[in-house]
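Here is how the chains run, residue by residue.
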Amino acid sequence: LVVPPQQPPLTIPQTVAAAPHQLATRPLEDGRQDKHPSDADATSSRAALEIDFLRKQVTRLQAENEALQDRLIREVAAKDQYLSELCACHEQLHRLRGSHQ
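These remarks concern the structure in this document. (Residues numbered from 1 in each chain as written. Predicted model: local features only at pLDDT ≥ 70, side-chain atom pairs only at ≥ 80, totals over all residues. Heavy atoms only, no water.)

## So, the pattern of salt bridges
Using the following cut-off: Here, a salt bridge means any Lys or Arg side-chain nitrogen found within 4 Å of an Asp or Glu carboxyl oxygen. Runs of E in the DSSP output that reach at least two residues are strands. Runs of H or I that reach at least four are helices, and both are numbered from the N terminus. In this scheme, a residue with accessible area under 20% of its type's maximum is buried, one over 50% is exposed, and one in between is partly exposed, where area comes from a 1.4 Å probe on protein chains only.
Per the counting criterion, the structure on display carries four salt bridges. Across the pair Lys 56 and Asp 52 runs a salt bridge whose closest N-O atoms are separated by 3.4 Å. Of this pair, Lys 56 and Asp 52 are both found in helix H1 (residues 37-99), four residues apart, which corresponds to roughly one turn of the helix. Here Asp 80 makes a salt bridge to Lys 79, at a shortest N to O gap of 3.1 Å. We classify Lys 79 as partly exposed; its relative accessible area is 48%.

This is the structure:
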């Protein structure tokens, strides 16, 4: 009597019981992956979050740019005032030196 060697029982994965995000993607003919609809929803959700983040960042950068432009205007005005005062002092010093010679 010959007893053939026993092989382990064949198990078939139960993809039906898996959550939608755990389902494997299947390769398409061109090498891309066929995504499950929930993957598209997740991608869309991530894109919406990124768009929201970028909009907030643009708003913040625009406000920062406005503040920097205001600061530049104030600094240019201060520089002009300083130059005007410096020129007045220089003229006054030049007159004083000229009158003492």
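## Focus: the state of the cysteines
The bond known as a disulfide is covalent and runs between the sulfur atoms of two cysteines. Keep this limit in mind: When two cysteine sulfur atoms lie within 2.5 Å, the pair is treated as a disulfide.
All chains considered together, the criterion is met by zero disulfides. No disulfide involves Cys 87; its sulfur sits 9.4 Å from that of Cys 89, the nearest cysteine. Cys 87 gets classed as partly exposed once you look at its relative accessible area, which sits at 37%. Judged by relative accessible area, which is 47%, Cys 89 ranks as partly exposed.

## Regarding a nonpolar patch on the surface
Here is the rule: Exposure above 30% relative accessible area and the absence of a salt bridge qualify a residue for a patch, where like charges join within 9 Å and nonpolar side chains (Val, Leu, Ile, Met, Phe, Trp, Tyr) within 5 Å. The accessible surface values rely on the Shrake-Rupley method and a 1.4 Å probe; as for residues, cover is taken only from the protein chains in view.
Side chains of Tyr 82, Leu 83 and Leu 86 sit close together on the surface and give an oily, nonpolar patch of about 320 Å² of accessible area. The residue Tyr 82 is located in helix H1 in this model. On the accessibility criterion, Tyr 82 (55% relative accessible area) is exposed.

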